[in-house]
Amino acid sequence: MLDVRRLRILQHLAAYGTVAATADALHLTAPAVSQHLAALQKEAGTPVVEKHGRTLRLTAAGELLVAHTEVILAELAAAESGLAALQSGRRGTVRISAFASAARTLVPPLFERLADPDPDPDPDPDPARGADSHTGFARDLSLRLSVQEPDEALDELHKRSTDLALVHSYSVLPRGVPAVWEQTVLMEEPVLLALHPDRAAAEGLAAGQPADLSRLAHLPWLTPGPETSCYEMIQRACGAAGFVPDIRAFSSDFSVLTALAAVDAGAVLVPRMALPDNTAPLSLHPLVRPVSRTVFTVSRAGTGKHPDLRAVLDLLHETATALDDRDGSRPDGASAPSRRPS
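The rules behind each value
- Residues numbered from 1 in each chain as written.
- Predicted model: local features only at pLDDT ≥ 70, side-chain atom pairs only at ≥ 80, totals over all residues.
- Heavy atoms only, no water.
- Helix = DSSP H or I, 4+ residues; strand = E, 2+ residues; numbered from the N terminus.
- Salt bridge = Lys/Arg side-chain N within 4 Å of Asp/Glu carboxyl O.
- Buried < 20%, exposed > 50% of the residue type's maximum accessible area, 1.4 Å probe, protein only.

1. So, the environment of Leu205
Next up, step 1: With respect to the helices and strands, Leu205 occurs in the loop between α8 (197-202) and β7 (220-223).
Next up, step 2: For the pair Leu205 and Leu195, spaced 10 residues apart in the sequence, the C-alpha separation amounts to 9.9 Å.

Given below as structure tokens:
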């Protein structure tokens with residue numbers, strides 16, 4: 001019979017790539033990992049790894065076992081979630097990896113309404129203090145946030161170093177996610193063109209008027225860094241309009257890019273959620289050929305029903321819906337001076 005613990009080690013090897021990294025992730029020694037892999041090969045009756053230079057790689061049998069292991073671990077996670085739901089008064093930890101604008105906009109309400117401000121257990125808890133009377137959410141979670149690009153967040157999820165990845169994809173740049181993982185779409189938002197008002201007027205664009213990128217190829221452009229998917233989105237949107245953007249500034253912080261656009265340093269394509277609180281210095285325009293960004297959560301199979309993670313997902317959905325409804329009512333995508341959920 002195959003040992004689940006050894007299957008888990010094989011799954012980690014597939015995720016981390018080396019015996020040393022696998023050992024470190026599982027708090028084992030490298031020889032112990034090698035011994036477990038050797039024992040698993042005996043149980044399987046066929047090699048599951050093979051040497052490739054100085055590293056190991058999975059054989060076809062190893063890849064088959066890893067695929068089944070994902071399902072097995074998902075079922076175990078579902079069982080653990082079911083048991084946790086039967087328990088009361090437990091405090092859990094939820095680790096979240098989120099991209100920057102979501103971390104700034106969607107995550108703060110989690111800390112405000114779910115996170116326990118006192119990390120130490122209270123031997124005599126006050127029920128009135130431990131719950132949010134406005135929502136019914138219990139403030140008894142320990143939240144951990146890491147701000148990462150979507151690809152990095154999904155990699156952390158694959159390595160089981162995070163519990164929930166808050167990521168995005170663009171209509172011009174889909175993002176692949178393993179089918180066995182659980183996904184929940186939170187919102188879809190437009191990508192807007194941001195210009196200095198004088199620049200917009202010079203281009204014949206009234207406030208909120210849809211912009212045709214093919215007529216703006218001559219403009220200087222401001223973009224996120226080449227290592228980001230937002231940069232690739234801008235490249236594809238401009239490419240579809242028939243030009244390669246003349247980039248004058250790189251920054252992975254959209255607040256920097258919009259601040260530069262506000263002093264007429266160039267044009268920037270920015271997802272609505274990434275707009276600054278005060279958009280008065282900017283002229284905002286939807287695109288004639290719309291580009292949208294889908295914001296969604298990803299968790300490992302079987303974990304979504306865990307009460308701790310479920311509470312986080314429910315509040316994320318509530319917050320995203322409120323934000324989407326508020327901003328979606330503005331045809332040009334502009335925001336009021338105070339647009340962040342409270």
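2. A few points about the pattern of salt bridges
Next up, step 1: Within this structure, the stated rule accounts for 14 salt bridges.
Next up, step 2: Among the ionic pairs, Glu43 bridges to Arg6, the shortest N-O distance being 2.4 Å. Note that Glu43 is positioned in helix α3 (residues 30-44) and Arg6 in helix α1 (residues 4-16), a separation of 37 residues in sequence.
Next up, step 3: Between Arg199 and Asp264 there is a salt bridge, and its shortest N-O distance comes to 2.9 Å. Here Asp264 lies in the loop between α10 (254-261) and β9 (268-271) and Arg199 lies in helix α8, a separation of 65 residues in the sequence.
Next up, step 4: Take Arg199: its relative accessible area is 22%, and that puts it in the partly exposed class.
Next up, step 5: Of the residues examined, Asp264 reaches a relative accessible area of 30% and is grouped as partly exposed.

3. Observations regarding unusual backbone geometry
Next up, step 1: With phi around 60°, His27 is a residue other than glycine that occupies positive phi space.
Next up, step 2: Within the element layout of this structure, His27 appears in the loop between α2 (19-26) and α3.
Next up, step 3: Judged by its relative accessible area of 73%, His27 falls in the exposed class.
Next up, step 4: The phi angle at Arg160 is positive, at roughly 65°, despite the residue not being glycine.
Next up, step 5: Tracing the sequence through the fold places Arg160 in the loop between α7 (150-158) and β5 (164-170).

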